[in-house]
There are 2 protein chains.
Amino acid sequence: MTTPSTLNDPAALAAAVRRGERRALARAITLIESTRPDHRVRADALLTALLPHTGNSVRIGISGVPGVGKSTFIEAFGLHVIGRGHKVAVLAVDPTSQRTGGSILGDKTRMVDLSRDDGAFIRPSPAGATLGGVARRTREAMLICEAAGFDVVIVETVGVGQSETAVADMVDLFLLLLLPAGGDELQGIKKGIVELADLVVVNKADGDLAATARHTVADYRHALTLLRHEADWRVPVLSCSAITRAGIDAVWETVGEHRAAMVAAGRRSARRAEQARAWLWSEIRESLVESLRRHPDVRAALPDLEARVTAGTLVPAAAARTLLERFLGRPVGTVD
Amino acid sequence: MTTPSTLNDPAALAAAVRRGERRALARAITLIESTRPDHRVRADALLTALLPHTGNSVRIGISGVPGVGKSTFIEAFGLHVIGRGHKVAVLAVDPTSQRTGGSILGDKTRMVDLSRDDGAFIRPSPAGATLGGVARRTREAMLICEAAGFDVVIVETVGVGQSETAVADMVDLFLLLLLPAGGDELQGIKKGIVELADLVVVNKADGDLAATARHTVADYRHALTLLRHEADWRVPVLSCSAITRAGIDAVWETVGEHRAAMVAAGRRSARRAEQARAWLWSEIRESLVESLRRHPDVRAALPDLEARVTAGTLVPAAAARTLLERFLGRPVGTVD
């Protein structure tokens, strides 16, 4: 049984997470999302305790422009996967939520059936000042979900921007949802996003759009043969209807084929290793700034320097150099 | 006359930039784009010398999804503005260029007429590992262009993602180009981008699309009255045709009205002050990581820690803490 004191003790919280207790899971994610230094120490202890029990899920990134039916697809896909005996966690990365007050998953009316299912856990995007901060917390939330027994983790991202790269960098398979429509330009897809995809799925292949969907599948199959040259995996282009649920089963089968192909080629572990390395550097960056902000000499010098930068009489790069020298107690920016 | 030795001396380079010498301008931007520590020291000296001569341009961010006709618009708009007696610099922010090898402005066939005009200077997006790095260099390039006498600086961004926020954070006016079409979803615009706009322009208002363009203008005018509530500026929605050049003059007039309204309300200087402050923090972040990477104790510990993180036996946050303690020579992450 989870009690308030349990929640303050990383070892007890870790045990409760491993028992799959919902409240502990939610509380653990709230802990890793906190920016308080003492919380961060406990979050590290929690993650260290959970780490041996992580890594056993299929990590799937799902992206697509607004209007592609992403929520409906994730609900249909999630329910299908739960029906096959799995447990599904859905996390979100939405760095715009700082400005818009949260555009995805904040609304509890999304994915109603999935959110009610015992086999599912849905968590909104953390609020965050930077994409780096949001991505860091989502990666850690992924580990916590894995330790809690979720063997399929879906990381959803809004739209068509920088966050897609961040999500592709934390998952095993990046699934791009498309509309039944013409080329990238009509789809509103940012250049470079299609190149991130391990699997392309044309949604809304139903009713009047069925024929258009077939053309779209053919177009992208052709385009992807030009774009991607990987020995172990030719990016498949499928179609489905999240509404009628036609084709959802084939998407899940293809996820399994991708996993098998990557494991056989040794590329799954290679990809995860590279992701962990990138994550380390992201951690370093965020922690450094937090540490600098707390340094007494920086605090003393900061108001004047910030005022001169703000007034336009001091170049930000020069002010940054001065603050770094205060923080580090030695000159910076010199040649090695 | 600019000679190679001039280019190595920040004071001489600054003087050549201020005389408007093309080669010095290009070389100055190359210098600030360099990541070599000795180059960085010279770049700071250059920028400090130029700083009193900056800030006098109209800084305009221009964004829109692929297919909206951004290059054609910037060419038509730039030539119009030059015709009114101004000098126009066009810079680009494209953080995807690290992956795609540069998707905007790398192609010299874009904006042919504008690039040939003596009143124009066009610079491709710098390559960069992070959006922060790319944005930093673009901000400094903007200052250099201002010191060289360009009184209109256009910062172009591709697509519909995170980079729009970065660009909106460095300009006086953020112009969003739209297609003659239905709502945000059909346009492929990421949620939150329309909210960044100070001016919305529906392009391709010609031929068969003229009627659709009128509807789009009416739709967005209505939508923006719901979205934005600012005392000093109601976001205008205009239409134009970059091909026929109809409506381009009204866009430039509206830019002038926005500037006058912002200056009158004291908001132009407030906006620039806030931007400079944000820029300072971005500088600090990037410089800290560079400095950490060069520290001998970090270099000694890094391979083992990175290997354990990569192998999945050490939590990245804990490894980051260890590296920070090596770098700083003191514990981090403790409560104040």
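Residues numbered from 1 in each chain as written. Chains lettered and ligands numbered in written order. Predicted model: local features only at pLDDT ≥ 70, side-chain atom pairs only at ≥ 80, totals over all residues. Heavy atoms only, no water.

A. Region of the structure containing the confidence of the model for chain A. All names here are of chain A. Of the residues in chain A, 84% reach a pLDDT of 70 or more, and the chain-wide mean stands at 85. Across residues 98-108 the pLDDT falls below 50, and counting only partners more than four positions away or on other chains, this stretch makes 31 contacts in the model. As scored by the predictor, the complex reaches a pTM of 0.62 and an ipTM of 0.76. (pLDDT = per-residue confidence, 0-100. Contact = heavy atoms within 4.5 Å.)

B. Up close: the pattern of salt bridges. Here the structure, examined in full by the defined rule, presents 30 salt bridges over all chains. Between arginine 40 of chain A and aspartate 44 of chain A there is a salt bridge, and its shortest N-O distance comes to 3.1 Å. With arginine 40 of chain A and aspartate 44 of chain A both in helix 4 (residues 37-50), this residue pair falls 4 residues apart, about one helical turn. Take arginine 40 of chain A: its relative accessible area is 10%, and that puts it in the buried class. Among the salt bridges present, the one from arginine 59 of chain B reaches glutamate 146 of chain B, with a minimum N-O distance of 2.7 Å. Highlighted residues: arginine 59 of chain B in strand 1 (residues 58-63) and glutamate 146 of chain B in helix 8 (residues 131-147), separated in sequence by 87 residues. Grouping residues by exposure puts arginine 59 of chain B and glutamate 146 of chain B together as buried. (Salt bridge = Lys/Arg side-chain N within 4 Å of Asp/Glu carboxyl O. Helix = DSSP H or I, 4+ residues; strand = E, 2+ residues; numbered from the N terminus. Buried < 20%, exposed > 50% of the residue type's maximum accessible area, 1.4 Å probe, protein only.)

C. Molecular detail of the environment of glutamate 156 of chain B. Residues and elements named next belong to chain B. Inspection of the secondary structure assignment puts glutamate 156 in strand 4 (residues 152-157). The class for glutamate 156 is buried, based on a relative accessible area of 0%. Taking the C-alpha atoms as reference points, glutamate 156 and alanine 92, 64 residues apart in sequence, are found 4.6 Å from one another.

D. Broad picture of the sheet that holds strand 6 (residues 199-202) of chain A. Residues and elements named next belong to chain A. With parallel pairing, 7 strands are arranged side by side in an open sheet as 3-2-4-1-5-6-7. The outermost strands of the open sheet, each flanked by one partner alone, are strand 3 (120-122) and strand 7 (237-239). For this sheet the average axis-to-axis angle between neighbouring strands, irrespective of direction, equals 25°. Looking at chain direction, strand 2 (residues 88-93) and strand 4 (residues 152-158) are connected through 6 bridges and run parallel. Across the sheet, residue valine 93 finds its bridge partner in strand 4, namely threonine 157. (Pairing = 2+ DSSP bridges. Axes fitted to C-alpha atoms, helices over the stretch in contact; angles between N-to-C directions.)

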